[in-house]
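Coordinates in review
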Amino acid sequence: MDEWKRVAWSDESRFLIHHVDGRVRVRRLPGEQLLPSCTAGHTQTGGGGIMLWGTFSWAVLGPVVVVEQTIKASNYLNIIADQLHPYMAFVFPTGNEIFQQDNAPCHKARIVLESFEERTD
């Protein structure tokens, strides 16, 4: 259990207001009828959306950042430098932390991996 307290996670998600396929998605219970008010309207094109990046650990929620662009390796490096490194230094001042991320292309880009290796050394 103590080892989990040394781990920090991060991820990003895009939240869309409208889907580009034009379908309306409504959650309802099995057997529940779709109300006529739910079928009105049709979205021809995609609407707005927002992408957020955030981090958290066992004890502390980290920053949540609005990402203005798609996350490519260079954008991700900026987030790492501006948000993640200060968070990790604050939450894990002894330097015994583990950072966990998924295998998204921006996370495993060569320049990102090299940046982590330099920081580890």
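In what follows, the structure referred to is the one given above.
Residues numbered from 1 in each chain as written. Predicted model: local features only at pLDDT ≥ 70, side-chain atom pairs only at ≥ 80, totals over all residues. Heavy atoms only, no water.

1. Some details on the packing of helix α1 (residues 73-91) against helix α2 (residues 110-120)
Here is the rule we go by: In this analysis an axis means a line fitted to C-alpha atoms, helices contributing only their contacting stretch, and an angle means the value between N-to-C directions, from 0 to 180 degrees. Secondary structure follows DSSP: runs of H or I at least 4 residues long count as helices, runs of E at least 2 residues long count as strands, and numbering of each begins at the N terminus. In these notes the angle categories are as follows: under 35 degrees is roughly parallel, over 145 is roughly antiparallel, 65 to 115 is roughly perpendicular, and the rest is oblique. Here, residues are in contact when the closest pair of their heavy atoms is within 4.5 Å. Ten residues, namely Ala, Val, Leu, Ile, Met, Phe, Trp, Tyr, Cys and Pro, are considered nonpolar, four, namely Asp, Glu, Lys and Arg, are considered charged, and the remaining ones, Gly among them, are considered polar.
At a minimum axis separation of 9 Å, α1 and α2 run at an interaxial angle of 30°. Overall, the two elements α1 and α2 adopt an arrangement that is roughly parallel. Residue-level contacts link A73, S74, Y76, L77, I80, L84 and H85 of α1 to I111, V112, S115, F116 and R119 of α2. Looking at the contact of α1 with α2 residue by residue, the class counts come to eight nonpolar, three polar and one charged.

2. Looking at the environment of C106
Using the following cut-off: Under the scheme applied here, a residue whose accessible area is under 20% of the maximum for its type counts as buried, over 50% as exposed, and between as partly exposed, the area being computed with a 1.4 Å probe on protein chains only.
Tracing the backbone through its elements, the reader meets C106 in the loop between β4 (98-100) and α2. On the accessibility criterion, C106 (8% relative accessible area) is buried. On a C-alpha basis, the gap between C106 and A73 in space is 4.5 Å, while along the polypeptide they are 33 residues apart. Residues within four places of C106 in sequence aside, it is in contact with E12, I71, K72, A73, Y76 and V112.

3. Section: the pattern of salt bridges
Cut-off, in case you're wondering: Throughout this description, the term salt bridge denotes a Lys or Arg side-chain nitrogen within 4 Å of a carboxyl oxygen of Asp or Glu.
Scanning all chains against the criterion turns up one salt bridge. Residue E114 pairs with R110 through a salt bridge whose shortest N-O separation is 3.6 Å. Separated by four residues within a single helix, E114 and R110 lie in helix α2, roughly one turn from each other. Judged by relative accessible area, E114 falls into the partly exposed class, the value being 35%.

4. Points about the nonpolar core
Soluble globular proteins tend to pack their nonpolar side chains together in the buried interior. For the record, the criterion: What makes a nonpolar core is a set of buried Ala, Val, Leu, Ile, Met, Phe, Trp, Tyr and Cys residues whose side-chain atoms join them at distances within 4.5 Å.
Core analysis: the biggest nonpolar cluster contains 20 residues, and W53, I71, Y76 and L84 have the highest contact counts within it. Ranked by the residues each element gives to this core, the list is headed by α1, at eight residues.

5. Some details on the sheet that holds β4
Neighbouring strands of a sheet are bound in pairs by backbone hydrogen bonds; such pairs are parallel or else antiparallel. Test applied: Here a strand pair is declared whenever DSSP counts at least two bridges between the two strands.
Reading across the sheet, the four strands line up as β3-β2-β1-β4 and stay open at both edges, with mixed pairing between neighbours. If you trace the sheet from one side to the other, it starts and ends with β3 (61-67) and β4, each paired once. Strand-to-strand, the axes of this sheet are offset by a mean angle of 20°, without reference to chain direction. One ladder, built from nine bridges, connects strand β1 (residues 7-16) with strand β2 (residues 49-57); its direction is antiparallel. Counterpart to W9 in the pairing with β2 is F56.

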